[in-house]
Amino acid sequence: MALLDKQRFTDGYWWSNDGLRLHYRDYGGQGGGRTDRPAILCLHGLTRNARDWEDVADRLAGEWRLIVPEMRGRGESGYARDPMSYVPLVYLQDVEALLNQLELPRVVAFGTSLGGILTMLLAATDRDRIAAALLNDVGPELDPAGLGRIRGYVGKQVSHPTWMHAARALAEGNGDAYPTYQVQDWLHMAKRLHRLNSAGRIILDYDMKIAEPFRVPGNEAGPDMWRAYEALAGKPVGILRGSLSDILPATVAEAMVARLHGAELTTVADVGHAPVLTEPDSVAAIDRLLARVAGQ
């Protein structure tokens, strides 16, 4: 592992059960981060990668160790030979292999969208490993309208000549979810979602084949997500919902709070799917959750 001082993380790799070399970032693993606390496991969304967590890690690293894996087919992780392995239960096996390699018996799981689904599935299969959970704009039931919107764009590769072109395309496609964003915000997002290819074009940083199983209804989650969610009972749980979300209905978010004693719901104003976790409401919710963990 080579330490990147500017970014304050090390790059690490692990192998999946089916032979893929996968990548993760480790913030605080080389003497940084407090050893008396569980590490934070940061799980990104469907088309995202480790760069999604840079702002969160920059704020928390030093006080906490953060492990930020990239799912197969994203960022620096290997692309799957079988596209039908791009499903939550396989991602879960990959994450479990990483946790075993790092010998992490307990983690605080932060999950955005797909990452939240993986958090619930991890609770269902290995409950003792979860010290606490943050579910970012995702729940046991997902709004079909939002899923339809995602199915409409995922897996469609486009390329751009400049970062500004990429930012403008994001603004056109996602302006409803982030109505207050300015040009610099879209540029910031563009540099997280895209990479420069060998031809000098800017392209999305994931395997377009992740769309193949996602387009099959039912493959976006697990078989009984309410039961998986309820496996978090007794743990500190924070739920974030964008006020404009088309993925997590308000009624589902309220039902989640009702089913788990002590779960806290925070609605993030003027944001759709999904909050980027730098909003003041998101920051405060994260800090409250981590204070509960630190006080255990």
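These numbers were taken from a predicted model, which means no experiment stands behind them.

Colleague: Lay out the side chain of Ser77 with the relevant residues and their values.
Modeller: Its location among the elements puts Ser77 in the loop between strand 5 (66-69) and helix 2 (88-102). Given a relative accessible area of 3%, Ser77 falls into the buried group. Engagement of the side chain of Ser77 in a polar contact is seen with the backbone nitrogen of His23, the distance being 2.8 Å. A polar side-chain atom of Ser77 sits 2.7 Å from the main-chain carbonyl oxygen of Glu70. The contacts of Ser77, once residues within four sequence positions are left out, are Arg21, Leu22, His23, Glu70, Met71 and Arg72.

Colleague: So, the environment of Leu248: which residues are in play, and what are the values?
Modeller: Among the secondary structure elements, Leu248 is positioned in the loop between strand 11 (237-242) and helix 9 (250-259). Separated by 110 residues in the primary sequence, Leu248 and Val138 have C-alpha atoms spaced 5.4 Å apart. Apart from residues lying up to four places away in sequence, Leu248 is in contact with Asp137, Val138, Gly139, Glu141, Ile239, Leu240, Arg241, Ala253 and Met256.

Colleague: How would you explain helix 6 (residues 183-193) if you had to name every residue and give the values?
Modeller: Those residues of helix 6 that fall on the buried side of the exposure criterion are Trp186, Met189, Ala190, Arg192 and Leu193. Along helix 6, the residues classed as buried sweep out an arc of 160 degrees about the axis, all on the same side. In this fold, the buried residues of helix 6 make contact with helix 1 (54-60), helix 5 (163-174), strand 9 (194-196) and strand 10 (202-204).

Colleague: For the nonpolar core, give the residues involved together with the corresponding values.
Modeller: In this structure, Ile40, Leu60, Leu66, Phe110, Tyr229 and Leu232 are the most contacted members of the largest nonpolar core, which totals 95 residues. Apart from the residues within four sequence positions on either side, Leu232 is in contact with Met120, Ala123, Ile130, Ala133, Leu135, Val237 and Leu260.

Colleague: Could you give me a rundown of the pairing of strand 3 (residues 21-27), with the residues and numbers involved?
Modeller: Counting buried positions along strand 3 gives six out of seven residues, so the element sits mostly inside the fold. Between the antiparallel neighbours strand 2 (residues 9-15) and strand 3 lie five residues, among them Gly19 with a positive phi of about 90 degrees. As paired elements, strand 3 and strand 5 share four bridges and run antiparallel to each other. Each residue of the ladder has a partner; that of Arg25, found in strand 5, is Val68.

Colleague: An account of the environment of Asn49 is requested, with residue identities and associated values reported.
Modeller: The topology assignment puts Asn49 in the loop between strand 4 (39-43) and helix 1. Asn49 sits 105 residues away from Val154 along the chain, and the two C-alpha atoms are 14 Å apart. Ignoring anything within four residues of it in the chain, the contact list for Asn49 reads His44, Glu70, Gly75, Arg192, Leu193 and Asp205. Separated by 2.8 Å, the side chain of Asn49 and the backbone oxygen of Arg192 make a polar contact.

Colleague: So what's going on with the packing of helix 5 against helix 6? Residues and values would help.
Modeller: At a minimum axis distance of 8 Å, the contact between helix 5 and helix 6 shows a crossing angle of 105 degrees. Between helix 5 and helix 6, the crossing angle belongs to the class labelled roughly perpendicular. Contacts between helix 5 and helix 6 pair Trp163, Met164, Ala166, Ala167, Leu170, Ala171 and Asn174 from the former with Val183, Trp186, Leu187, Met189, Ala190, Lys191 and Leu193 from the latter. A class-by-class count of the residues in the contact of helix 5 with helix 6 yields twelve nonpolar, one polar and one charged.

Colleague: Quick rundown of the packing of aromatic side chains? Include the residues and the values.
Modeller: Ring pairs (aromatic) are described by centroid distance and by the angle formed between their planes. Taken as a whole and assessed by the stated rule, the structure comprises seven aromatic pairs. Here Tyr178 and Trp186 contribute two aromatic rings whose centre-to-centre distance is 6.0 Å and whose plane-to-plane angle is 85 degrees, an arrangement assigned as edge-to-face. Trp186 shares its class with Tyr178; the two are buried. Taken together, the ring pairs connect Tyr178, Tyr181 and Trp186 into an aromatic cluster. The residue whose ring lies beneath Arg21 is Tyr13, and the NZ or CZ to ring-centre distance is 3.8 Å. The ring of Trp226 carries Arg259 above its face, with NZ or CZ at 4.1 Å from the centroid.

Colleague: Now, about unusual backbone geometry: what can you tell me, with residues and values included?
Modeller: Glycine aside, a negative phi is what most residues show, and trans is what most peptide bonds show. The step from His273 to Ala274 runs through a cis peptide bond, and the omega angle for that step is 5 degrees. On the secondary structure map, Ala274 appears in the loop between strand 12 (264-268) and helix 10 (280-294). Not every positive phi belongs to a glycine, and Ser113 is a case in point at roughly 55 degrees.

The rules behind each value
- Residues numbered from 1 in each chain as written.
- Predicted model: local features only at pLDDT ≥ 70, side-chain atom pairs only at ≥ 80, totals over all residues.
- Heavy atoms only, no water.
- Helix = DSSP H or I, 4+ residues; strand = E, 2+ residues; numbered from the N terminus.
- Buried < 20%, exposed > 50% of the residue type's maximum accessible area, 1.4 Å probe, protein only.
- Polar contact = N/O pair within 3.5 Å; in protein donor to acceptor, adjacent residues only side chain to side chain.
- Contact = heavy atoms within 4.5 Å.
- Arc of directions from axis to C-beta.
- Core = buried A, V, L, I, M, F, W, Y, C linked by side-chain atoms within 4.5 Å.
- Pairing = 2+ DSSP bridges.
- Axes fitted to C-alpha atoms, helices over the stretch in contact; angles between N-to-C directions.
- Parallel < 35°, antiparallel > 145°, perpendicular 65-115°, else oblique.
- Nonpolar A, V, L, I, M, F, W, Y, C, P; charged D, E, K, R; others polar.
- Phe/Tyr/Trp six-rings, centres within 6.5 Å; stacked < 30°, edge-to-face > 60°.
- Lys NZ or Arg CZ within 6 Å of the ring centre and 35° of its normal.

That's the geometry; what it means functionally is another story.
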